[in-house]
Amino acid sequence: IKTIKLPTSLNTIGTGAFANCNGLTKIELPESIRTVSRDAFSGCANLSEIKLSSQTTTIENGAFNGCKSLESISIPTTVTNLGDGAFSNSGLKSLTVPHGVTQINKNLFAGCENLSTVILSDATTSIKEGAFNGCKSLASINLSNSLTSVEYNSFDDCSETLLKVH
C-alpha cells in the first residue's frame, strides 16, 4: 500500500490499523476523523506526509511511533490529547503543540533525534517522564509560566538544549 483514500464515514483510525505498512508514503484523513488510535501508523517508516482532519481531537499512544520519514506534521488546534510516545522515534524536525494540549505526555517525542524546534503553548502545565529524551538536535525550548511540573528524564540526552521561560 502506497496511498490510501479513506471513506468520509470513518471517525476513528483504529488501533494498529496501518502499523508497519512500509510502502505507505502519504495519507490524507477525511474530515470525519476524530481519533487516531494507539499505534495506528506505528512503524510506517516511509510515511512522509499526513494531513490530519481539522476535527481530530485525540492522537493516542504510539500513533506515529517509528515514522522515520515523517519530518513535519500540522496538528490541528482541535487536538487536546497527544498520547504517550505518539511521535517517538519519528523523523520530526519541528512541531507546534496546539493550545488545547496542556500536558506533554510520557515519551511523547523520545528518540526524535532530528527534532530541533518545538513550540509549546502558554497552556502547557506539565512535561511527563522522558518526553524529550534523546532529542539530540533540540536547540532550545520555551517553557510557559503555567508549567508546574517537569518529570524525571524529560530532557535526558539533550545535551545542547537551552530551556527558556516565557
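Position labels on residues start from 1 in each chain and follow its written sequence. The predicted nature of this model means local features are confined to residues of pLDDT at least 70 and side-chain atom pairs, given and counted, to a pLDDT of 80 or more, with totals for whole chains, interfaces and linings taken over all residues. Remark: hydrogens and water are excluded; side-chain values derive from all non-hydrogen atoms of the structure.

## Re the pattern of salt bridges
Then comes step 1: Here, a salt bridge means any Lys or Arg side-chain nitrogen found within 4 Å of an Asp or Glu carboxyl oxygen. Summed over all chains, the structure comprises four salt bridges.
Then comes step 2: The partner of Asp-157 in a salt bridge is Lys-136, with the nearest N and O atoms 2.7 Å apart. Within this pair, whereas Asp-157 is found in the loop between strand S13 (149–150) and strand S14 (162–165), its partner Lys-136 is found in the loop between strand S11 (126–127) and strand S12 (140–143), the two being separated by 21 residues in sequence.
Then comes step 3: The partly exposed category is assigned to Lys-136, whose relative accessible area is 44%. We count a stretch as a helix when DSSP gives it H or I for four or more residues in a row; a strand needs E for two or more, and each element gets its number in order from the N terminus. Under the scheme applied here, a residue whose accessible area is under 20% of the maximum for its type counts as buried, over 50% as exposed, and between as partly exposed, the area being computed with a 1.4 Å probe on protein chains only.

## Describing the sheet that holds S11
Then comes step 1: For two strands to be treated as a pair, DSSP must find at least two bridges joining them. Taking strand neighbours across the sheet as the criterion, the three strands line up as S9-S11-S13 in an open arrangement whose pairing is parallel. The outermost strands of the open sheet, each flanked by one partner alone, are strand S9 (103–104) and S13.
Then comes step 2: Bridge count between S11 and S13: two bridges; the pairing is parallel. Across the sheet, residue Ser-126 finds its bridge partner in S13, namely Ser-149.

## Observations concerning the packing of aromatic side chains
Then comes step 1: When the centres of two rings from Phe, Tyr and Trp lie within 6.5 Å, Trp using its six-membered ring, the rings pair. Their planes under 30 degrees apart give stacked, over 60 give edge-to-face, and anything left gives tilted. All told, the structure shown has six aromatic pairs when counted by the stated rule.
Then comes step 2: For the pair Phe-87 and Phe-109, a centre-to-centre distance of 6.1 Å together with 10° between the ring planes defines the contact as stacked. Remark: Phe-109 occurs in the loop between S9 and strand S10 (117–119) and Phe-87 occurs in the loop between strand S7 (81–82) and strand S8 (94–96); sequence separation between them is 22 residues.
Then comes step 3: For Phe-87, a relative accessible area of 0% gives the class buried.
Then comes step 4: Ring-pair connections join several aromatic residues into one group, and the members of that group are Phe-18, Phe-41, Phe-64, Phe-87, Phe-109, Phe-132 and Phe-155.

## A look at the sheet that holds strand S6 (residues 58–59)
Then comes step 1: Read from one edge of the open sheet, four strands run S2-S4-S6-S7, paired in parallel fashion. Each end of this open sheet is capped by a strand with a single partner; those strands are strand S2 (12–13) and S7.
Then comes step 2: In the sheet, S6 pairs with S7 via two bridges, with the strands oriented parallel. Residue pairing across strands places Thr-58 opposite Asn-81, the latter belonging to S7.

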